[in-house]
Amino acid sequence: MFQILVASSLLFSAGLLPLIIYRGKEHSDHPSFKFILSFALAILLGDVFMHLLPEIWEIEKSTPNNFASSNSIVLAGIVFFFVLDRLLGDVVGYLTVLANTIDNFLHGLAIAIAFNVGTSTGWLTTAGILLHELPHEVTDYAVLAQSGFTKQGAVAAQLWTCFTGILGSVVGVYFEQSFSCGKIVLPLTSGIFLYVSTTSLVPAIVEKTSPRDTGLQILAMILGLALTFWCS
């Protein structure tokens, strides 16, 4: 139990990384903000196509007849969040918080289950999740900033989503088996990430910039995709 809490606390501390990067500046004034938005786009899309969807397909191998239903949930999620966004105004930031709450809860759950298998398995799983989460925390903060969150609000949201990782690990201690809700949660999370990427990040990135900034944005996307591929 102690090792699980230490591992999940490391996951929580990853949420503090944006505070270091954006120290003393408002996010939109930071000279690297557009670079980070491009990096965020690559991370979110890479997470969907290199991490979430392959994980969904692995789950579907045990229930092949449900493959179409998972794809339908992804599509339904995108349509639902579009309708929600149109009816309620700009909710992209809140959708990001929801998706990351679910994502970190499942990460905490995975850490607990891995430690139940063995100590070495637990720490290897923790290391893999941290490699995945560290760039994710920076890019998630950028998405929240782009969606209109204040600096304090974005940090508070980040810390909340990281706390759910600890909550997931505590739940995982008492339930030493994978949850079937992944068949719904993972496709839904994929839908949220795809919607946030295409409606919030792409419009902000494709604004006309200097050739130098355009080159840096392309470089950021390549780095983000490479990092996601390496961590997948």
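Since this is a predicted model, take the numbers as computed values, not measurements.

(A) Geometry of the confidence of the model for the protein chain. In this model, the protein chain carries a mean pLDDT of 78, and residues with pLDDT of at least 70 account for 86%. The element-level mean pLDDT for the protein chain is lowest in helix α2 (residues 17-21), coming to 71, with helix α9 (residues 211-231) highest at 87.

(B) A look at the packing of aromatic side chains. Throughout the structure, instances matching the rule amount to 4 aromatic pairs. Relative to W123, the ring of F115 lies with its centre 5.3 Å away and its plane at 85°, an arrangement referred to as edge-to-face. Relative accessible area serves as the criterion here: at 11%, F115 is assigned to the buried category.

(C) Layout of the nonpolar core. With 32 residues, the main nonpolar core has L37 and L201 as its most contacted residues. Only α3 (33-62), α4 (67-88), α5 (92-117), α6 (119-146) and α8 (182-205) provide two or more residues apiece to this core. Residues in contact with L201, not counting those within four places in the same chain, are L37, A40, L41, L44, V143 and V196. By size, the runner-up hydrophobic cluster in this structure holds 8 residues, among which are I4, L11, I111 and A112.

(D) Representation of a nonpolar patch on the surface. On the surface, L75, V79, F82, V83, L87 and L88 cluster together into a nonpolar patch covering about 620 Å² of accessible area. Residue placement: L88 occurs in helix α4.

(E) The side chain of Q217, seen in detail. For Q217, the location among the structural elements is in helix α9. Judged by relative accessible area, Q217 falls into the buried class, the value being 7%. For Q217, the contacting residues outside a window of four places in its chain are K34, S38, I205 and T209.

What counts, and where the lines are drawn
Residues numbered from 1 in each chain as written. Predicted model: local features only at pLDDT ≥ 70, side-chain atom pairs only at ≥ 80, totals over all residues. Heavy atoms only, no water. pLDDT = per-residue confidence, 0-100. Helix = DSSP H or I, 4+ residues; strand = E, 2+ residues; numbered from the N terminus. Phe/Tyr/Trp six-rings, centres within 6.5 Å; stacked < 30°, edge-to-face > 60°. Buried < 20%, exposed > 50% of the residue type's maximum accessible area, 1.4 Å probe, protein only. Core = buried A, V, L, I, M, F, W, Y, C linked by side-chain atoms within 4.5 Å. Contact = heavy atoms within 4.5 Å. Patch = residues over 30% accessible without salt bridge, like charges linked within 9 Å, V, L, I, M, F, W, Y side chains within 5 Å. Areas by Shrake-Rupley, 256 points an atom, 1.4 Å probe, with all protein chains shown as cover. Salt bridge = Lys/Arg side-chain N within 4 Å of Asp/Glu carboxyl O.

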